[in-house]
Amino acid sequence: MLVRRRRCSYITNMFEVLVYLYETYYRPDACPDSVALAKKLSAVGFEEEEISRALGWLTDLAETTNEIFSQQARQTAFSFGFRVYAEREYELLGSAAIGFVEFLESADVINALQREIVLERACAVNECPISLDKLKVIVLMVLWSQGKEPDGLMFDELFFDDEDSSPPVYH
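From a predicted model like this one, the values you see are computed outputs, not experimental measurements.

A. Inspection of the overall build of the chain at higher detail. Scanning the chain for helices and strands turns up seven helices and zero strands. For the chain, buried positions account for 40% of its 171 residues.

B. Region of the structure containing helix α6 (residues 132-145). Between its terminal C-alpha atoms α6 stretches 20 Å, which fits the 20 Å expected from 14 residues at 1.5 Å a residue. Within α6, ten of the 14 residues are buried, leaving the element largely enclosed by the surrounding structure. Looking only at α6, the buried set comprises Leu135, Lys136, Val137, Ile138, Val139, Leu140, Met141, Val142, Leu143 and Trp144. Immediately downstream of α6, the backbone of Gly147 shows phi near 75°, a positive value.

C. Spotlight on unusual backbone geometry. Between Cys128 and Pro129 the backbone carries a cis peptide bond, its omega angle lying at -20°. In this structure, Pro129 sits in the loop between α5 (112-125) and α6. The backbone phi angle of Asp108 is positive, close to 60°, even though this residue is not glycine.

D. View of the packing of helix α1 (residues 14-24) against helix α3 (residues 48-70). Packing of α1 against α3 leaves a shortest axis separation of 8 Å and a crossing angle of 65°. Considering how the two elements wind past one another, α1 and α3 form a crossing that is right-handed. Here α1 contributes Met14, Val17, Leu18 and Leu21 to the contact with α3, which in turn contributes Glu50, Arg53, Ala54, Trp57 and Leu58. A breakdown of the residues in the contact of α1 with α3 according to their chemical character gives seven nonpolar, no polar and two charged.

E. The environment of Cys128, seen in detail. Position of Cys128 relative to the elements: it lies in the loop between α5 and α6. Each C-alpha atom of the pair Cys128 and Leu93 lies 6.5 Å from the other, and the pair is 35 residues apart in sequence. Setting aside residues no more than four positions away along its own chain, Cys128 makes contact with Arg88, Glu91 and Leu92.

F. Spotlight on the pattern of salt bridges. With the rule as written, the count across this model stands at nine salt bridges. Glu50 is paired through a salt bridge with Arg53; the nearest N and O atoms lie 3.1 Å apart. Note that Glu50 and Arg53 are positioned in helix α3 at a spacing of three residues, about one turn of the helix. Classification of Arg53 by relative accessible area gives partly exposed; the value is 42%. Between Glu91 and Arg88 there is a salt bridge; the shortest N-O distance is 3.3 Å. Of this pair, Glu91 and Arg88 both sit in helix α4 (residues 87-106), separated by three residues, roughly a single helical turn. Looking at Glu91, the relative accessible area reads 41%, which means it is partly exposed. Residues participating in the shared-partner salt-bridge network are Arg83, Glu89, Glu105, Arg115 and Glu116.

Here is what the cut-offs are and how they apply
- Residues numbered from 1 in each chain as written.
- Predicted model: local features only at pLDDT ≥ 70, side-chain atom pairs only at ≥ 80, totals over all residues.
- Heavy atoms only, no water.
- Helix = DSSP H or I, 4+ residues; strand = E, 2+ residues; numbered from the N terminus.
- Buried < 20%, exposed > 50% of the residue type's maximum accessible area, 1.4 Å probe, protein only.
- Expected span 1.5 Å × (residues − 1).
- Axes fitted to C-alpha atoms, helices over the stretch in contact; angles between N-to-C directions.
- Left-handed = near helix turned anticlockwise from the far one by under 90°.
- Contact = heavy atoms within 4.5 Å.
- Nonpolar A, V, L, I, M, F, W, Y, C, P; charged D, E, K, R; others polar.
- Salt bridge = Lys/Arg side-chain N within 4 Å of Asp/Glu carboxyl O.

Dropping the structure here:
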């Protein structure tokens, strides 16, 4: 499991629901319709409020993705130069998140259009500043929603757990 989920259903959050969906469904089109999915998530132990927030967030992700990709011809400028962040974006994201997004783009994990989707979805969380753990889940969900998966090394970067005090064992 990528994120350690707590067994008590009252301690879950929207990001745990998102990670569960990623782990359970290889592709987003493998998910059942929203009513059936909500029932399955409830049966697993997620709270109704968190299920609703996660499904709403995914719906908004799909709308944002469609909107940005439909305007792709006008947004070719995103592919050149660098991204300048508005003051409000910088407040919402924080320097660590912005640095991480820039790292992902320079490592070709995400492209300029995916960056904009990640930034929009991160700002929608409305957490000042957003934690890197949550940002990593957002990046993963953006890629997942587009049927893409990061390579193994980048996957490790996205989900290295800082709480693991023991170093990795190499054979």
